[in-house]
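# Results of the structural survey
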Amino acid sequence: MEEAQARLEALIATVERAEARVEAWSAAEFSGRADEGGIVAVTDALGTLTRLEISPRSRRRLDATNLAAAILAAITTAEEAAATSRDALLADLHPTPGTS
C-alpha cells in the first residue's frame with residue numbers, strides 16, 4: 001500500500017510540474033525580425049500573430065514588394081520559433097517509450 005501511495009504522489013508531482021510548464025509556455029511570445037530589426041513580428045505560443053512592428057526606416061527604405069517579403073520573413077520566423085517551442089514541450093511532456 002505504501003508503494004502505491006508513493007507512486008501516486010510521484011505521479012501527482014509530475015502532473016503539477018507539467019501543468020506549470022504548459023502554463024508558462026502558453027504565456028510565452030515568440031518574435032521574428034527582418035530588415036536588420038526594422039520589422040518585428042510577435043506571435044503567441046500557438047503561432048498566432050499578435051503584434052507587427054514596422055519602423056519608419058523600413059517603410060522608407062523598402063519598396064512594396066521587398067517590404068512584403070520582409071514582413072513575411074519576420075512572421076515566418078516567429079511562427080517557426082513558436083512551433084519549435086511547442087514541439088519541444090510536447091516531446092518533454094510525452095517522451096518516446098524507452099527514453100525516460
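The next point concerns the overall build of the protein. A tally of regular secondary structure across the protein gives 3 helices and 3 strands. Going from N to C terminus, the protein has its helices and strands arranged as α-β-β-β-α-α. Computed over the C-alpha atoms, the radius of gyration of the protein is 20 Å, more than 25% above the 13 Å expected from 2.2 N^0.38 for a compact globule of 100 residues. Taken along the three principal axes of its C-alpha coordinates, the protein extends 70 × 25 × 15 Å. Here the protein holds 100 residues, and 23% of them are scored as buried. Here the contacts in the protein between residues at least 6 apart in sequence split such that 41% fall between residues at least 24 apart. Total accessible area on the protein stands at roughly 7000 Å², and carbon and sulfur atoms take up 57% of it. In the protein, 10 positive and 16 negative side-chain charges are present, and the distance between their average locations comes to 10 Å.

Turning to the pattern of salt bridges, a few remarks are in order. As enumerated under the stated definition, the model contains 6 salt bridges in all. Among the ionic pairs, Asp92 bridges to Arg21, the shortest N-O distance being 3.0 Å. With Asp92 in helix H3 (residues 64-93) and Arg21 in helix H1 (residues 2-26), this pair connects stretches of sequence that are 71 residues apart. Accessibility expressed as a relative area gives 39% for Arg21, which makes it partly exposed.

Let's shift gears to a nonpolar patch on the surface. On the surface, a cluster of nonpolar side chains totalling about 340 Å² of accessible area is made up of Leu8, Leu11, Ile12 and Val15. Note that Val15 resides in helix H1. On the basis of relative accessibility, which here comes to 41%, the residue Val15 falls in the partly exposed class.

How each quantity is defined
Residues numbered from 1 in each chain as written. Predicted model: local features only at pLDDT ≥ 70, side-chain atom pairs only at ≥ 80, totals over all residues. Heavy atoms only, no water. Helix = DSSP H or I, 4+ residues; strand = E, 2+ residues; numbered from the N terminus. Rg over C-alpha atoms; globule rule 2.2 N^0.38 Å. Buried < 20%, exposed > 50% of the residue type's maximum accessible area, 1.4 Å probe, protein only. Contact = heavy atoms within 4.5 Å. Areas by Shrake-Rupley, 256 points an atom, 1.4 Å probe, with all protein chains shown as cover. Lys, Arg positive; Asp, Glu negative; His and termini not counted. Charge placed at Lys NZ, Arg CZ, Asp CG, Glu CD. Salt bridge = Lys/Arg side-chain N within 4 Å of Asp/Glu carboxyl O. Patch = residues over 30% accessible without salt bridge, like charges linked within 9 Å, V, L, I, M, F, W, Y side chains within 5 Å.

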